[in-house]
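Observations on chain architecture
What follows is each chain in one-letter form.
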Amino acid sequence: ALLNNIYIVFPLLSIALAHFYIRTFIKTPSLRILFVIVCLFQGSLGLYPSIRHICAEITLGLFFFCLTHPGKRFWFFITGIAQGISILAGTEYGIGIFIIICTTFILFCITNEKIHAKKLAKFFLSGLLVSLMPFISYMIYHGTLITFLEDYYFMVTSFENHSPPGSDIFFPPLPQISLNN
C-alpha cells in the first residue's frame, strides 16, 4: 500500500496540485498543459514524503484557485472539505493552512467590499464542518474529545524529546525560547 501511495497516488495528486496552481496564474490552456509536462519531465512532482504534506498543498492550491474565481462558491465548499482532510491528515500543516485562510478571509472582510467574503467563508466553513463532523462525533460518542484536545495541547506546547526552538547551538548570542508549561 505504501508503494502504491508513493508511486501512483502522490504523483497524480501532485499533477492536480500543479494544475490548480497554474490555473491561478496562466489563462492559456496550452501553456497550462506545457507547464504540467515540464514539471513531469523535471521530476518535480511527487516529491512528498507523506500524505499530510500534499493534503495541505492541495488545500492551499484550491484556496488560491478560489481567490481568482470568487463567483464559484462550490469550490469554496470543496476547499473546506480539503481543509478538514488536511487537518485530519496532519494537524501541524492543517492548522497552519487554516490560520492562513482565516486571516485572508478577515482581511477580505475588512478591505474588499466587492467580494462578499462572509458568504464565501460560510461555504468554506460548512465544507470544513462536513469533513470534520464524523471525527468529532466519533470522539464525542466515545467520550474522548476533551482528553484528545488536552493531550494535543500539551503535545504541541511541550518539547519532551526535542530541543527548544531558537536554541543557542547555531546562534549563541540569542536566548533560548521555551514553550514549556
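Let me begin by describing the structure that accompanies this report. Each chain has its residues counted from 1, following the order in which its sequence is written. Where totals are concerned, whole chains, interfaces and linings use all residues; where local detail is concerned, this predicted model gives features only for residues with pLDDT of at least 70, and gives and counts side-chain atom pairs only at 80 or more. Calculated side-chain values reflect all of the structure's heavy atoms, with hydrogen atoms and water omitted.

Mapped onto the elements, Phe25 comes out in helix α1 (residues 2–25). In this scheme, a residue with accessible area under 20% of its type's maximum is buried, one over 50% is exposed, and one in between is partly exposed, where area comes from a 1.4 Å probe on protein chains only. What makes Phe25 exposed here is its relative accessible area of 63%. In sequence terms Phe25 and Phe65 are 40 residues apart; their C-alpha atoms lie 9.0 Å from each other. Counting from the N terminus, the helices are the DSSP runs of H or I reaching at least four residues and the strands are the DSSP runs of E reaching at least two.

This part is about the nonpolar core. What tends to happen in soluble globular proteins is that the nonpolar side chains get buried as a cluster. Take the buried Ala, Val, Leu, Ile, Met, Phe, Trp, Tyr and Cys residues and link them wherever side-chain atoms come within 4.5 Å; each set so joined is a nonpolar core. Ranked by size, the top nonpolar core spans 19 residues in total, and within it Ile58, Leu62, Phe63, Phe76, Ile97, Ile101 and Phe105 carry the most contacts. Counting only elements with at least two residues in this core, the list comes to α1, α3 (51–68), α4 (73–89), α5 (91–111) and α6 (117–141). At 8 residues, the largest contribution of residues to this core is made by α3.

As a further point, take the environment of Phe76. Within the secondary structure, Phe76 sits in helix α4. Separated by 47 residues in sequence, Phe76 and Phe123 have C-alpha atoms that sit 5.8 Å apart.

Looking now at the packing of α3 against α4. Axis separation between α3 and α4 bottoms out at 9 Å; the angle between their running directions is 160°. One element, α3, and the other, α4, form an angle in the roughly antiparallel class. The way α3 lies across α4 gives a crossing that is left-handed. Of the residues in α4, those in contact with Ile51, Arg52, Cys55, Ala56, Thr59, Leu62, Phe63, Phe65 and Cys66 of α3 are Trp75, Phe76, Ile78, Thr79, Ala82, Gln83, Ile85, Ser86 and Ala89. Gly falls in the polar group here, along with every residue not listed as nonpolar (Ala, Val, Leu, Ile, Met, Phe, Trp, Tyr, Cys, Pro) or charged (Asp, Glu, Lys, Arg). Its residues assigned to classes, the contact of α3 with α4 comprises 13 nonpolar, 4 polar and 1 charged. Orientation is described by lines fitted to C-alpha atoms, with helices fitted over the stretch in contact, and by angles between N-to-C directions that extend from 0 to 180 degrees. Reported orientations rely on four angle classes, namely roughly parallel under 35 degrees, roughly antiparallel over 145, roughly perpendicular from 65 to 115, and oblique for the rest. By definition, any crossing whose near helix is turned counterclockwise from its far helix by less than a right angle is left-handed, and any crossing with a clockwise turn is right-handed. By the convention used here, residues are in contact when the closest approach between their heavy atoms is within 4.5 Å.

Moving on, we get to a positive patch on the surface. A contiguous patch of positive charge, built from Arg73, Lys118, Lys119 and Lys122, is present on the exposed surface. A total of 3 residues in the positive patch trace back to one element, the largest contributor, which is α6. With a relative accessible area of 36%, Arg73 lands in the partly exposed category. Residues enter patches when they are more than 30% accessible in relative terms and free of salt bridges; like-charged ones are connected within 9 Å and nonpolar ones (Val, Leu, Ile, Met, Phe, Trp, Tyr) within 5 Å. To be clear on the numbers: accessible area is Shrake-Rupley with a 1.4 Å probe, and residue cover counts the displayed protein chains and nothing else. When a carboxyl oxygen of Asp or Glu lies within 4 Å of a side-chain nitrogen of Lys or Arg, that pair is called a salt bridge. Counting rule for charge: Lys and Arg are taken as positive, Asp and Glu as negative, and neither His nor the chain ends is counted. Charged side chains are reduced to one point each, which is NZ for Lys, CZ for Arg, CG for Asp and CD for Glu.

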